[in-house]
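# Secondary and tertiary structure notes
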Amino acid sequence: MIAWFGSIGRRTLDVLAAVGRSAFILLRSLFGVPRWSGVRLWITQMHVVGVLSLPIILVSALFIGMVLALQGYMILVDYGADAALGQLVALALLRELGPVVAALLFAGRAGSAITAEIGLMKATEQLSSMEMIGVDPLKRVLSPRLWAGLVSLPLLSIIFAVVAIYGGYIVGVEWLGVFSGSYWGNMQSSVQFGHDVVNGIIKSVVFGLVVTWIAVFQGYDLVPTSEGISRATTRTVVYGSLAVLGLDFVLTALMFGGA
Amino acid sequence: MTHSDLIEVSNLSFYRGGRAIFRDVSLRIPRGKISAIMGPSGTGKTTLLKLISGQLVPDTGQINVDGHNVHRLSRRALFALRRRMGMLFQSGALFSDISVYENVAFPLRVHTDLPESMIRDQVLVKLEAVGLRGARELMPAELSGGMTRRVALARAIALDPELIMYDEPFVGQDPVSKGVLVKLIKDLNSAFDTTSVLVSHDISETLSIADHVFLLSDGRVMAEGSPAELNASTDQRVRQFIHGEPDGPVPFHYPAPPFAEELLGTGGQR
Amino acid sequence: MKRTRGLEVGVGLFVVVAFLGLVFLGLKVSGLVPTSGGSTYTVTADFGDIGGLKPNSRVTMSGVTVGRVVNIDLDPKWLDGRVTMEISDTLKDKLSSDSTAAILTSGLLGEQYVGLTTGADTEMIKDGGTIRNTQQAMGLESLIQQFVSGMGGQDDSESGQ
């Protein structure tokens, strides 16, 4: 019994210590003195984290928009409200599906890659040797990845929403025969830029920060063996996805719940 | 005041996960010489290098490098001290995303504001010293194990350090590469009057170049002296290690109950 | 260095495409057009019930979109919903002071919008002026109520419809 309590206490302490370490890492990496060479590194990471995530984002967005239009149409047409399809598709995508699905895909694609890469750099002593040369790996390795994730995910979410709305258009208007004017017209009268679009972008900035933070921390903090790397990569995807879904509820309640 | 010993380790203890890696170790590494730290695997030889370079902090005791207590220095001062140290990591630890040339240029770019033409000259001099000037455009993934270590050595000496630490430079190398590395370490030490610390358990290579050898075992310095002294040692444990005998004071068997007992099942419950 | 160049171009394209996407979300999805499409003037109208009207809802005349709702707040004196609208300059000095503004619904469940009908007065509404004749939003409940009371007796209690 005492051992059981002891193990709970130890687990709690471990978790608290990890949270503390990760917060330290986050602050040290985010607020470094920016240098010209940092921009170079950031651009490289924007490519790895952002541009290379584009294919999966584009394909998923197209299909999600198409499915959303198909399902929405089948429900709305029963009430003779198929004209509201544009509104349904756009609001669902801008407020929820765009930021959330893009963040989940991002955790799986970019997050795991970041963890594995940093983990491999740790296992091959690249981080230690950087420190020996007198370069702080937090600034040189973690910081550009964090900033790239923070900036890329909102951009990816925007692209996701646009492509998915177009996918909805293909199915709703071109295939199911909803009048094009009411698809766009209904959308325009119900979507408020300041409310729906901006809040969706704020969400994805938060998701971008949290997912990348988890990814770099898991990479930096892992046990430098091949087993350790594979475990940490899995943890990045699991924790990242859970954090996105949990935070999404909190943010939604704050943004849309009160009004 | 000048110190004849570049590195002074005094009363060092270091624990990891409740296990003592070092217990009250003291040793002095002389300037301008090649000192070797030897011992069986798992005796914390690499850990000692990390303690000297300030990447790990000892539990008790202190380490002075050129009169500076490494673990009392501010971060800035520590990085300044590290600029005077070069370290060759076991795996080479080349940055995998940049070319050989950029790897060697990396410390120069970080610590100096030299114009590109001078950086180029420096890099080519260092690469020539390790015989890999022709490989400068290759990526680290395209190098063989021995070449990787030579490039890493070129990077470690890019800033002309006063102290070079070699972490297991001979592990996993073919005989030719080993020979090349032995010659390089020796040449670098005499040419630039640097102090070298060599961590290894490759006996013949190490004894052939070291001026002074420390033998570590069970967290303590078991023996020290010149290679000749160690070769002539009558201590059983030293003899076993130096001559690579399979059994001796260091037992071949992991601690276990007597074999016969276990076979006959009379040893009680396991 | 060629690799870096291609990389920079890729990242640049990525950022540009995303910003074009944002513009698309602004213009085509949220309908942030009229501010740029020609100048407008502002008119307010007080409604007893604004129903589901929102900022950015359409303002129409004879079914043609002529403006949009920019703001909705509560008139502190009369406790009415005050709707501020931007209307295209082409209608300037063409809305008589006895014009009517009604909150209408497109279809049974569709969005709500403001419909304008002009009157006969010779005086026109100026920039910042108020439309006095208004018709509040017609909720489904009040429609049913009206229908039920209409069945009971010919009682003309409500104004308008």
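Rules behind the numbers
- Residues numbered from 1 in each chain as written.
- Chains lettered and ligands numbered in written order.
- Predicted model: local features only at pLDDT ≥ 70, side-chain atom pairs only at ≥ 80, totals over all residues.
- Heavy atoms only, no water.
- Helix = DSSP H or I, 4+ residues; strand = E, 2+ residues; numbered from the N terminus.
- Buried < 20%, exposed > 50% of the residue type's maximum accessible area, 1.4 Å probe, protein only.
- Contact = heavy atoms within 4.5 Å.
- Areas by Shrake-Rupley, 256 points an atom, 1.4 Å probe, with all protein chains shown as cover.
- Buried area = accessible area lost by both parts, 1.4 Å probe.
- Salt bridge = Lys/Arg side-chain N within 4 Å of Asp/Glu carboxyl O.
- Polar contact = N/O pair within 3.5 Å; in protein donor to acceptor, adjacent residues only side chain to side chain.
- Nonpolar A, V, L, I, M, F, W, Y, C, P; charged D, E, K, R; others polar.
- 1 Å grid on protein atoms, 1.4 Å probe; cavity = no way out; pocket = protein on both sides within 12 Å on 5 of 7 lines; lining within 4 Å.
- Points joined across faces, edges and corners; volume = space filled by probe spheres on them.
- Pairing = 2+ DSSP bridges.
- Axes fitted to C-alpha atoms, helices over the stretch in contact; angles between N-to-C directions.
- Domains from an automatic or database assignment.
- pLDDT = per-residue confidence, 0-100.

### Considerations on the overall build of chain C
- In terms of regular secondary structure, chain C is built from two helices and eight strands.
- The linear arrangement of helices and strands in chain C, starting from the amino end, is α-β-β-β-β-β-β-β-β-α.
- A buried classification covers 32% of the 161 residues belonging to chain C.
- Contacts in chain C between residues at least 24 apart in sequence constitute 62% of all its contacts with a sequence separation of at least 6.
- Here chain C displays about 9800 Å² of accessible surface, and carbon together with sulfur accounts for 58% of that area.

### Overview of the interface of chain A and chain B
- Listed as interface residues are 14 residues of chain A and, on the opposing side, 22 residues of chain B.
- Carbon and sulfur atoms make up 58% of the area that chain A and chain B hide from each other, which totals about 1700 Å².
- Together, A:E125, A:M132 and A:I133 form the three largest contributors to the area buried by chain A at its contact with chain B, with a combined 41%.
- Counting across the interface, chain A meets chain B through two salt bridges.
- The interface formed by chain A and chain B contains ten residue pairs in polar contact (both at pLDDT 80 or more).
- Among the elements that take part in the side of chain A that touches chain B, helix α5 (residues 126–133) of chain A stands out by supplying seven residues, more than any other.
- Looking at the side of chain A that touches chain B residue by residue, the classes come out as four nonpolar, five polar and five charged.

### Quick look at the layout of surface pockets
- Each pocket or cavity is described by its volume, and for the second largest pocket that value is around 1200 Å³.
- Contributing to the lining of the second largest pocket are 45 residues, with A:K122, A:S128, B:K50, B:Q55 and B:L56 lying nearest its centre.
- Within the lining of the second largest pocket, the residues separate by chemical class into 18 nonpolar, 13 polar and 14 charged.

### Quick notes on the sheet that holds strand β5 (residues 68–69) of chain B
Residue and element names in this part refer to chain B.
- An order of β2-β1-β4-β5 is seen for the four strands of this open sheet, with the pairing classed as antiparallel. Of all the strands in the sheet, the pair left with one neighbour each is β2 (19–30) and β5.
- Note that strand β1 (residues 5–16) and β2 share eight bridges and pair antiparallel. Pairing of E8 across the sheet is with R28, part of β2.
- Helix α1 (residues 45–52) contacts β1, β2 and β4 (60–65) of the sheet and is inclined by roughly 120° relative to β1.

### A look at the sheet that holds strand β7 (residues 163–167) of chain B
All names here are of chain B.
- Spatial strand order, β6-β7-β8-β3-β9-β10: six strands in an open sheet with mixed pairing. Only two strands of the sheet have a single neighbouring strand rather than two, namely β6 (85–88) and β10 (220–225). Between one strand and the next, the sheet's axes are offset by a mean angle of 15°, whatever the strand orientation.
- In the sheet, strand β3 (residues 34–38) pairs with strand β9 (residues 212–217) via four bridges, with the strands oriented parallel. Paired with M38 across the strands is L215, a residue of β9.

### A closer look at the pattern of salt bridges
- Applying the stated criterion to the full structure yields 25 salt bridges over all chains.
- Note that A:R21 is salt-bridged to A:D221, the shortest N-O span being 2.7 Å. A residue pair is termed long-range when its members are at least 10 positions apart, and A:R21 in helix α1 (residues 2–30) and A:D221 in helix α8 (residues 193–221) qualify at 200 residues.
- The class of A:D221 is partly exposed, set by a relative accessible area of 28%.
- With its nearest N and O atoms 2.9 Å apart, the salt bridge here joins B:R84 to B:E162. Note that B:R84 is positioned in the loop between α2 (75–82) and β6 and B:E162 in the loop between α5 (145–156) and β7, a separation of 78 residues in sequence.
- Under the relative-accessibility criterion, B:R84 is labelled partly exposed at 29%.
- Beyond isolated ion pairs, a larger network of salt bridges with shared partners links B:R31, B:D66, B:R84 and B:E162.

### Things to note about the domain arrangement of chain C
- Assigned domains of chain C: these are domain 1 (1–32) and domain 2 (37–139).
- The gap between the C-alpha centroids of domain 1 of chain C and domain 2 of chain C is 38 Å.

### Topic: empty space enclosed by the protein
- Throughout the structure, instances matching the rule amount to three cavities of 30 Å³ or more.
- In this structure, the largest cavity occupies an estimated 150 Å³ of space.
- As for the largest cavity, its lining consists of 16 residues, and the residues nearest its centre are A:I133, B:M85, B:G86, B:R155 and B:A156.
- Taken together, the residues of the lining of the largest cavity sort by class into eleven nonpolar, two polar and three charged.
- Computed from the structure, the second largest cavity encloses a volume of approximately 80 Å³.
- Lining the second largest cavity are A:L93, A:L94, A:G98, A:P99, A:S157, A:I158, A:A161, A:V197, A:G200, A:I201 and C:L25.
- Of the residues forming the lining of the second largest cavity, the biggest block, four residues, is contributed by helix α4 (residues 85–123) of chain A.
- In terms of residue class, the lining of the second largest cavity is built from eight nonpolar, three polar and no charged.

### As for the confidence of the model for chain C
All names here are of chain C.
- Of all residues in chain C, 86% attain a pLDDT of 70 or more, and the chain-wide mean is 79.
- Element-level mean pLDDT values for chain C span from 75 in helix α2 (residues 140–152) up to 88 in strand β4 (residues 81–88).
- Taken together, the stretch residues 157–161 has pLDDT below 50 and engages in three contacts with residues farther than four places along the chain or on a different chain.
- For this predicted complex, the interface confidence comes out at an ipTM of 0.82, alongside a pTM of 0.77.

### Details of the side chain of B:T112
Residues and elements named next belong to chain B.
- Structurally, T112 can be placed in the loop between α3 (100–111) and α4 (116–129).
- Side-chain polar atoms of T112 contact the backbone oxygen of L108, separated by 2.5 Å.
- In this structure, T112 is in contact with R83 and L159, ignoring residues within four places of it in sequence.

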